[in-house]
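Commentary on secondary and tertiary structure
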Amino acid sequence: MVTTLCDAAVAVLTTAAPLEKVRLTRNYAAAWRDGLIAEFGALVPPERPARPERPPLMLPRDMPKRGRGGSAQNRLALLHALAHIELNAIDLAWDIVCRFVGEGMPKGFTDDWVQVADDEARHFQMLEERLNQLGSGYGELPAHDGLWQAATTTAHDLAARLAVVPMVLEARGLDVTPETVRRLREFGDAESAALLQVIHDEEITHVAAGRRWFGHLCAKRGVDPVETWQDLVKRYFRGGLKKPFNVTSRQAADFGPEFYEPIAE
């Protein structure tokens, strides 16, 4: 029985079926907002979230290359990959809610990440519905198994988690999505393009939450946020920061180029 927010987080993280994960997330997020769940709790989240039998998970290097053209197959592969990212993002949000309870962060921190989990669940639902409309669905294609690595490598430190997940991985989504939206419109898939635009706009608020609470944590620890972020990214993110950056969307998230430009490749 779910009586605390950590109970809720662990319930989601140990649920394999994607649509059930979405349903639980949306219900628990609403219960938290409505005050029906009031305690944080102290359950330790699992090292890895439960995953369904399908899709098969592959190493990133073994994934089939996704074409850039506008064929139906390429668009399905794109939407499937994005759905897989959103499914992982649900779990990343719940993991941060529960794993770092001992940091003593304000309630607003928890409110923000519960909202992020709710947003990611809705994004997955939107992508799954679009895949269904196109005659497919989540699980019909392979997916890569590298997305949870960021959670594993930063499980010991909230600052590292915030530096890498919202401020690198989600910020990268802000960089690449506008061009994807443009290409989808060019290929005549206005519905998928509109869906991705909604996701992009809402992901700005997720990057903003990461930036806000990273700044809060740095102030609490008495360290410089820019230098600390750059150090943590160099230590815990192996992919390198790729140009070009969507400076406009990043600035909307209060994430200025003084952070990322000096260490970009």
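Residues numbered from 1 in each chain as written. Predicted model: local features only at pLDDT ≥ 70, side-chain atom pairs only at ≥ 80, totals over all residues. Heavy atoms only, no water.

Under an unreviewed UniProt entry, the protein chain has the name Ferritin-like domain-containing protein and belongs to Azospirillum argentinense.

So, the nonpolar core
Core analysis: the largest hydrophobic core is formed by 78 residues, its most contacted members being W94, W113, F214 and W229. When residues of this core are assigned to their parent elements, the largest contribution, 13 residues, is made by helix α6 (residues 158-186). Residue contacts for W113: discarding those within four places in its chain leaves A93, I96, V97, L162, P166, H206, A209, G210 and W213. (Core = buried A, V, L, I, M, F, W, Y, C linked by side-chain atoms within 4.5 Å. Buried < 20%, exposed > 50% of the residue type's maximum accessible area, 1.4 Å probe, protein only. Helix = DSSP H or I, 4+ residues; strand = E, 2+ residues; numbered from the N terminus. Contact = heavy atoms within 4.5 Å.)

So, the pattern of salt bridges
Tallied over the entire structure, the rule returns 24 salt bridges. A salt bridge links R221 to D157, with the shortest nitrogen-to-oxygen separation between them at 3.1 Å. Residue R221 is located in helix α7 (residues 190-221), and its partner D157 is located in the loop between α5 (149-153) and α6; the two are separated by 64 residues in the primary sequence. When its relative accessible area of 39% is taken as the criterion, R221 is described as partly exposed. Taking the shortest distance from any N to any O, the salt bridge between E179 and R182 comes out at 2.6 Å. Separated by 3 residues within a single helix, E179 and R182 lie in helix α6, roughly one turn from each other. Three or more residues joined by partner-sharing salt bridges are found here, namely R75, R130, D189 and E191. (Salt bridge = Lys/Arg side-chain N within 4 Å of Asp/Glu carboxyl O.)

Quick word on the packing of aromatic side chains
By the definition in use, this model includes 9 aromatic pairs. An angle of 85° between the planes, with centres 5.8 Å apart, marks the rings of W229 and F259 as edge-to-face. Of this pair, W229 sits in helix α8 (residues 225-236) while F259 sits in helix α10 (residues 257-260), and the two are 30 residues apart along the sequence. Exposure class is identical for W229 and F259. Each is buried. Ring-pair connections join several aromatic residues into one group, and the members of that group are W229, F245, F255, F259 and Y260. (Phe/Tyr/Trp six-rings, centres within 6.5 Å; stacked < 30°, edge-to-face > 60°.)

Some thoughts on α8
With 12 residues, α8 extends 16 Å from end C-alpha to end C-alpha; this agrees with the ideal 16 Å at 1.5 Å per step. Of all the residues in α8, the buried ones are T228, W229, Q230, L232 and V233. Summarising the contacts, the buried residues of α8 are in contact with α6, α7 and α10. For α8, the capping residue at the N-terminal end is D224, with a side-chain oxygen 3.2 Å from the backbone nitrogen of V226. (Expected span 1.5 Å × (residues − 1). Polar contact = N/O pair within 3.5 Å; in protein donor to acceptor, adjacent residues only side chain to side chain.)

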